[in-house]
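Summary of structural features
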Amino acid sequence: MPGASKPLGTQNTLAAAKPTRLPSASSSEDARPARRVARPIARLGPSPSTLIHIECNSGADILDYAHTFFTAYTEGHFRPHVAQKVTIAAFELLANGLRYGTMSDKVVIELLQGNSWIVVRVTNSTIMARIAMLTEHLDKIQASPEGTYVEEMRKSLTGAGQRGAMLGLARVAHEAGLEIFSTVEGSRVVVEACCPT
Amino acid sequence: MSSLQSISIPTVDSLTLDIQLPNRLKMGGRITHQEPGKVLGGFLKAVHDAAVRESLSTFELDVTELKFVNSSSIRLFLDWAGLVKAQAPNGYKLCILTTRKFTWQKTSFVAITALAAGCVEIRMAD
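Just so it is clear, the structure is predicted and the values come from calculations on it, not from any experiment. (Residues numbered from 1 in each chain as written. Chains lettered and ligands numbered in written order. Predicted model: local features only at pLDDT ≥ 70, side-chain atom pairs only at ≥ 80, totals over all residues. Heavy atoms only, no water.)

Brief notes about the state of the cysteines
Defined simply, a disulfide is a covalent bond joining two cysteines at their sulfur atoms. All names here are of chain B. Summed over the entire model, instances satisfying the criterion amount to 0 disulfides over all chains. Take C119: it sits in no disulfide, and the sulfur closest to it among the cysteines is that of C95, at 11 Å. We classify C119 as buried; its relative accessible area is 8%. (Disulfide = S-S within 2.5 Å. Buried < 20%, exposed > 50% of the residue type's maximum accessible area, 1.4 Å probe, protein only.)

Take a look at the structure:
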């Protein structure tokens, strides 16, 4: 629903971009109606606040610092359970962006607030194969957060699949209970997690 | 001397590790290391091996002071659960002492327990 999105700061193009659904390998998934219809940005209302905007290099070793920072910030601004959810989302989405982002481009993490919502947004560039993998994985997560979470754990336990790949996103959806959205424009991908305050 | 006493405890930023005899490991702080298996995998395997060597019936993992772990670190606990499961029915039961204070603990450990049913159990401290 790009018409309902409110362009924001330097992210105008991305904020207005239409959520992309890449072709799925599964015909049953193709048949499923698109679920990504209400982007978080639309929920923030006409005047969202940018609470945090950080740019860093892909691959930067900043996660420990980032966790300290987000924990301190969220505990100082939100109720305890909201603070924990936002911190999990910020950490895992940032870790994902740093791990898979193209080295030549910045990874941007933002915390936005408006109406009764907080949005954690991570923007990075990556290769198309990663975008396809991410999109497919988010489809699975949206269909069944808990099922995907357990499945990712099962893969780890049995040694199947790629360890370390997608448990973080499943965690944001199931453990923190947040909705996750993605938007793709070229090689640039935006992943947003939406948390009610 | 217990095999547990001879285990070398690694130093990891933001994390405390305390082996408490006869059958307890207390973890506190947080784990955000991108490859926690490299720094903690060997240690946890050594704890498991010692618990088996000592023929313990239960081993308690106290995470009530463990505020946060990243998704890579959840795999450490999964690996441990896998080791315990592989020993069943002749090994020990892993009892994880958790707290409601930290959101991540409930979902993570419930899933781990489900995947290693009968070998791992959760206890709430609060």
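Side note on the interface of chain A and chain B
On the chain B side, the residues contacting the 26 residues of chain A number 23 residues. Summing the contributions of chain A and of chain B, the shared interface buries around 2300 Å²; its carbon and sulfur component is 57%. Our count for the contact surface shared by chain A and chain B stands at 1 salt bridge. Linking R30(B) and D64(A) is a salt bridge whose minimum nitrogen-to-oxygen distance equals 3.3 Å. Viewed at the interface, chain B and chain A are joined by 12 residue pairs in polar contact (both at pLDDT 80 or more). Only α4 (63–77), α5 (80–100), α7 (145–158) and α8 (167–174) of chain A provide two or more residues apiece to the side of chain A that touches chain B. (Contact = heavy atoms within 4.5 Å. Buried area = accessible area lost by both parts, 1.4 Å probe. Salt bridge = Lys/Arg side-chain N within 4 Å of Asp/Glu carboxyl O. Polar contact = N/O pair within 3.5 Å; in protein donor to acceptor, adjacent residues only side chain to side chain. Helix = DSSP H or I, 4+ residues; strand = E, 2+ residues; numbered from the N terminus.)

Concerning the sheet that holds strand β5 (residues 120–124) of chain B
Residues and elements named next belong to chain B. Taken in spatial order, the 5 strands line up as β1-β2-β3-β4-β5 in an open sheet, and their pairing is mixed. Both edges of this open sheet fall to β1 (15–20) and β5, since each of them pairs with a single strand only. Averaged over neighbouring strand pairs, the angle between their axes works out to 20° when direction is ignored. Strand contacts of helix α3 (residues 103–115): β3 (58–69), β4 (93–98) and β5, with the helix running at about 145° to β3, the strand carrying the most contacts. (Pairing = 2+ DSSP bridges. Axes fitted to C-alpha atoms, helices over the stretch in contact; angles between N-to-C directions.)

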